[in-house]
Amino acid sequence: MKSRLAFLLILLLMPNAARAVQPNEMLADPQMELRAREISKDLRCLVCQNQSIDDSDAELAHDLRVLVRQRLQAGDSDAQVEEFLVARYGDYVLLTPPFKSSTVALWMGPPFFLMIGGLCAWVVYRRREDKATSSDKKLTPQERERLDAMMPVHLPTEQTEGKNAP
Amino acid sequence: MSLRRWPAFVPIAIFLVLVGFFAYRLVMIDHGDAPNLIPSVMINKPVPNFTLPSLFDGKPQVVSEEIKGKVTLIDVFASWCVPCRIEHPYLDEIKKAGIVLVGINYKDRPEDARRWLVQLGNPYDAIGTDRDGRVGIDFGVYGVPESYLIDKQGVIRYKQIGPLTREDIEKVILPLATELSK
């Protein structure tokens, strides 16, 4: 039973592991193949433009996957492989854009808007608190009297407040 | 509306800013600034080094060093590429203007490319075959057709993504080529 479950799990995870990489593209060295996969996941397929070359079945993606592996075999570091492609296709080829002056808005935008949102939420919350704790929470003696007169039975509300208890 | 309600306007203000931004981008697409056109980093860089066998047996190789001294248009094309057929008739105008026209036959079977040129005519001064697309990658090619205008010093000055139309040639390529050949 256990082994069957494990087998099912492997089957379910397999499509995720295989991606678009063809067996004939893979390197014999598993360590290097792993590096190639990691690099490929962050390289944009220029044809589909919203998939990594690791995901894409486009022909250019195939060519780039092979190229990444060739560069690794030639002794390039991971960073050198990325530089090689950035030199040809620009930063656009990276799915994670680098942090520089032209991408400040991109990187700082979300935290900035989150901060504004948080600030608004805080201000609104504070005001609500102010209102809740202000005078209109407690009844004036006159109001108390009117309310008591309206109530058929005198409810021990005062006692629960613990202030005007007899 | 009291002044104390200002936080309520913040989301509306942000929404309006976003509407403005998206509207601006939509308008810019009509003006040729489409997001799927990836700006080339090869502009103002020298032509990448390459040596490609000629498409025609017995003709000399096409070598990057020889693309110097004259304004040249490198046109990346393939017989399987439909938009290449659209731009093909206009390439003659480039030849007529005195621009050297070098073709790179991208990921194509040479026999298919030759048949294609017999059918449509061959305006190219020289054609190199880039069978596996490796030279294409050095140029930053991500789709065909693509064209690169090279100045006399062998530096890439302009990249056209997609087919050259008559308008592109008359308004962009020819004026720039005239300026570069001065």
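Conventions and cut-offs
What you see as residue numbers is a count from 1 along each chain, following the sequence as written. The naming scheme follows written order: chains are lettered A onward, ligands numbered 1 onward. Note on the predicted model: pLDDT of at least 70 is required for a residue's local features to be given, and 80 or more for side-chain atom pairs to be given and counted; whole-chain, interface and lining totals, by contrast, use all residues. Heavy atoms from the whole structure form the basis of all side-chain values; hydrogens and water molecules are not counted. Note on conventions: DSSP H or I runs of at least 4 residues are helices, E runs of at least 2 residues are strands, and numbering of each starts at the N terminus. In what follows, residue pairs with any heavy atoms lying within 4.5 Å of each other are defined as contacts. Only the protein chains shown count as cover for residues, and all accessible areas are computed by the Shrake-Rupley method using a 1.4 Å probe. Segmentation of the chain into domains, including their bounds, is taken from an automatic or database domain assignment. Under the scheme applied here, a residue whose accessible area is under 20% of the maximum for its type counts as buried, over 50% as exposed, and between as partly exposed, the area being computed with a 1.4 Å probe on protein chains only. Note: two strands are recorded as paired if DSSP finds a minimum of 2 bridges between them. To define axes, lines are fitted to C-alpha atoms, for helices over the stretch in contact only, and angles between the resulting N-to-C directions are given on a 0 to 180 degree scale. Accessible area that two parts lose when put together, evaluated with a 1.4 Å probe and summed over both, is termed the buried area. When a carboxyl oxygen of Asp or Glu is within 4 Å of a side-chain nitrogen of Lys or Arg, the pair counts as a salt bridge. N or O atoms within 3.5 Å of each other form a polar contact, as long as, within protein, one can give a hydrogen and the other can take it, and as long as residues adjacent in sequence are counted only when both atoms are side-chain atoms. Under the convention adopted here, Pro, Cys and the residues Ala, Val, Leu, Ile, Met, Phe, Trp and Tyr are nonpolar, Asp, Glu, Lys and Arg are charged, and Gly plus all remaining residues are polar. By this rule, a helix spans an expected 1.5 Å times one less than how many residues it contains. Aromatic contacts are taken between Phe, Tyr and Trp rings whose centres are within 6.5 Å, Trp giving its six-membered ring; a plane angle under 30 degrees counts as stacked, one over 60 as edge-to-face, and the others as tilted. In this description, a disulfide is simply a cysteine sulfur pair whose atoms lie within 2.5 Å.

**So, the overall build of chain A**
No. 1: Of regular secondary structure, chain A possesses seven helices and zero strands.
No. 2: Seen in sequence order, chain A has helices and strands lined up from the N terminus as α-α-α-α-α-α-α.
No. 3: Of all intrachain contacts in chain A linking residues separated by at least 6 positions in sequence, the fraction that spans at least 24 positions is 47%.
No. 4: With an accessible surface of roughly 11900 Å², chain A has 62% of that area assigned to carbon and sulfur atoms.

**Observations concerning the domain arrangement of chain B**
No. 1: On domain assignment, one finds that chain B holds domain 1 (1–36) and domain 2 (51–180).
No. 2: Computed over C-alpha atoms only, the centres of domain 1 of chain B and domain 2 of chain B are separated by 42 Å.

**A word on the pairing of strand β6 (residues 146–150) of chain B**
Two faces, one strand: in a regular strand the side chains alternate between the faces of the sheet.
All names here are of chain B.
No. 1: Taken across its five residues, β6 has five buried, putting it largely inside the fold.
No. 2: The alternating pattern of β6 places E146, Y148 and I150 on one face and S147 and L149 on the opposite face, and all of these are buried.
No. 3: Taken together, the five bridges between strand β3 (residues 72–77) and β6 define a ladder with antiparallel strand orientation. When the sheet's bridge partners are listed, I74 is paired in β6 with Y148.
No. 4: The sheet contact formed by β6 and strand β7 (residues 156–161) spans five bridges and is antiparallel. Considered in β7, the bridge of L149 is made with Y158.
No. 5: Between β6 and the antiparallel strand that follows it, β7, lie five residues; G154 among them carries a positive phi value of about 80 degrees.

**A look at the sheet that holds β6 of chain B**
All names here are of chain B.
No. 1: Overall, mixed pairing links the five strands, which are arranged β5-β4-β3-β6-β7 in an open sheet. The sheet is open, and its two edges are formed by β5 (126–130) and β7, each paired on a single side. Across the sheet, the axes of successive neighbouring strands diverge by a mean angle of 20 degrees, strand direction being ignored.
No. 2: Helix-sheet contacts for helix α6 (residues 166–180) involve β3, β6 and β7, and the interaxial angle to β7 is about 170 degrees.

**Remarks on the interface of chain A and chain B**
No. 1: At the junction of the two partners, chain A supplies 21 residues and chain B supplies 22 residues.
No. 2: Of the roughly 1700 Å² buried between chain A and chain B, counting both surfaces, carbon and sulfur atoms make up 60%.
No. 3: Per-residue buried area on chain A facing chain B is highest for R88, Y89 and R127 of chain A; these three make up 33% of the total on that side.
No. 4: Remark: the boundary between chain A and chain B carries three salt bridges.
No. 5: The salt bridge partner of D63 of chain A is K107 of chain B, with a shortest N-O separation of 2.3 Å.
No. 6: On inspection of chain A and its partner chain B, the count reaches four residue pairs in polar contact (both at pLDDT 80 or more).
No. 7: Of all elements in the fold, only α3 (59–73), α4 (78–89) and α5 (104–133) of chain A reach the threshold of two or more residues within the side of chain A that touches chain B.
No. 8: Here the element with the most residues in the side of chain A that touches chain B is α5 of chain A; it accounts for six residues.
No. 9: Within the side of chain A that touches chain B, the residues separate by chemical class into 15 nonpolar, two polar and four charged.

**Quick look at helix α1 (residues 9–30) of chain B**
No. 1: Spanning 22 residues, α1 of chain B covers 32 Å between terminal C-alpha atoms, matching the ideal 32 Å at 1.5 Å per step.
No. 2: One or two positions beyond α1 of chain B, positive phi appears at G32 of chain B, with a value near 90 degrees.

**Some thoughts on the packing of aromatic side chains**
Residue and element names in this part refer to chain B.
No. 1: This structure, assessed with the given rule, holds six aromatic pairs over all chains.
No. 2: On the numbers, 4.8 Å between centres and 15 degrees between planes, the contact of F77 with Y124 is stacked. Pair noted here: F77 is in strand β3 and Y124 is in the loop between α4 (110–120) and β5, with a separation of 47 residues, a long-range link. Summarising the burial analysis for this pair, F77 and Y124 share the class buried.
No. 3: Through a chain of ring-to-ring contacts, three or more aromatic side chains come together here, namely F50, F139 and Y148.

**Remarks on the pairing of β3 of chain B**
All names here are of chain B.
No. 1: For β3, a buried count of six out of six residues is recorded, marking the element as mostly surrounded by other parts of the structure.
No. 2: As paired elements, β3 and strand β4 (residues 100–106) share six bridges and run parallel to each other. Residue pairing for β4: L73 is matched across the bridge by L101.

**Points about the state of the cysteines**
Residue and element names in this part refer to chain B.
No. 1: Throughout the structure, instances matching the rule amount to one disulfide over all chains.
No. 2: Bridging C81 to C84, the disulfide has an S-S length of 2.1 Å. Disulfide C81-C84: torsion about the S-S bond near 95 degrees, hence right-handed. Of the two residues, C81 and C84, both sit in the buried class.

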